[in-house]
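Residue-level structure breakdown
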Amino acid sequence: MGVGVLYYSERDALEDVMADPENLLFASKKDADERDKMLEYSEALLMFLQREVPDLTDDLAEQVAMKIAENRHLFARAAKTPDVLYGESEDE
């Protein structure tokens, strides 16, 4: 019997990882690191949104931060070409 290695971001709660292993466990460290960077960016966005938009509920701020973080490459392109935001998102 062989031994396999799986990676996950420690920013994800272990219970969440075990509940959704197809999306939160990775065969490569590179993919897990990418997930970790996305979650770090989402946390920073959440803090920004809570500070800059005080009437935004915590739940909605968290959803918006995660969606922007998941599509950060699209938003980076949109800084130069805003029209890219009219198309479909990268995760669709």
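Right above here is the structure, for reference.
The paragraphs below set out a description of the structure included in this document. (Residues numbered from 1 in each chain as written. Predicted model: local features only at pLDDT ≥ 70, side-chain atom pairs only at ≥ 80, totals over all residues. Heavy atoms only, no water.)

Next up on the list: helix H4 (residues 58-70). Taking 1.5 Å per residue as the helical rise, H4 with its 13 residues ought to reach 18 Å, and the 18 Å between its terminal C-alpha atoms agrees with that figure. Among the residues of H4, those classed as buried are Ala 61, Ala 65 and Ala 69. Taken end-on, H4 shows its buried residues confined to a sector of 65 degrees, consistent with a single buried face. Buried positions along H4 lie against helix H3 (29-52) and helix H5 (72-78). (Helix = DSSP H or I, 4+ residues; strand = E, 2+ residues; numbered from the N terminus. Expected span 1.5 Å × (residues − 1). Buried < 20%, exposed > 50% of the residue type's maximum accessible area, 1.4 Å probe, protein only. Arc of directions from axis to C-beta. Contact = heavy atoms within 4.5 Å.)

Our next topic: the environment of Lys 67. If you trace the backbone, Lys 67 turns up in helix H4. Spatially, the C-alpha atom of Lys 67 lies 8.3 Å from that of Ser 42, the residues being 25 residues apart in sequence.

Following the criterion strictly, the structure yields 8 salt bridges and no others. A salt bridge links Glu 70 to Lys 67; the nearest nitrogen and oxygen atoms lie 3.4 Å apart. Here Glu 70 pairs with Lys 67, and both are found in helix H4, just 3 residues apart, close to one helical turn. Residue Glu 70 is classed as partly exposed on the basis of its relative accessible area of 34%. The structure contains a network of salt bridges with shared partners spanning Arg 11, Asp 36, Glu 40 and Glu 43. (Salt bridge = Lys/Arg side-chain N within 4 Å of Asp/Glu carboxyl O.)

A few words on the nonpolar core. Listed in full, the 8 residues of the largest apolar core are Met 38, Leu 39, Leu 45, Leu 46, Leu 49, Ala 61, Ala 65 and Ala 69. Within the residue set of this core, elements represented by two or more residues are H3 and H4. In terms of residue count, the dominant contributor to this core is H3 (5 residues). Aside from chain neighbours lying at most four places away, what touches Ala 61 is Leu 46, Leu 49, Gln 50 and Leu 56. (Core = buried A, V, L, I, M, F, W, Y, C linked by side-chain atoms within 4.5 Å.)

Okay, the layout of surface pockets next. The space that makes up the largest pocket amounts to roughly 210 Å³. If you trace the largest pocket, you find it lined by Arg 11, Asp 12, Ala 13, Asp 16, Leu 39, Ser 42, Glu 43, Leu 46, Glu 62, Gln 63, Ala 65 and Met 66. At the level of secondary structure, the elements contributing two or more residues to the lining of the largest pocket comprise H3 and H4. When grouped by side-chain class, the residues that make up the lining of the largest pocket number 5 nonpolar, 2 polar and 5 charged. (1 Å grid on protein atoms, 1.4 Å probe; cavity = no way out; pocket = protein on both sides within 12 Å on 5 of 7 lines; lining within 4 Å. Points joined across faces, edges and corners; volume = space filled by probe spheres on them. Nonpolar A, V, L, I, M, F, W, Y, C, P; charged D, E, K, R; others polar.)

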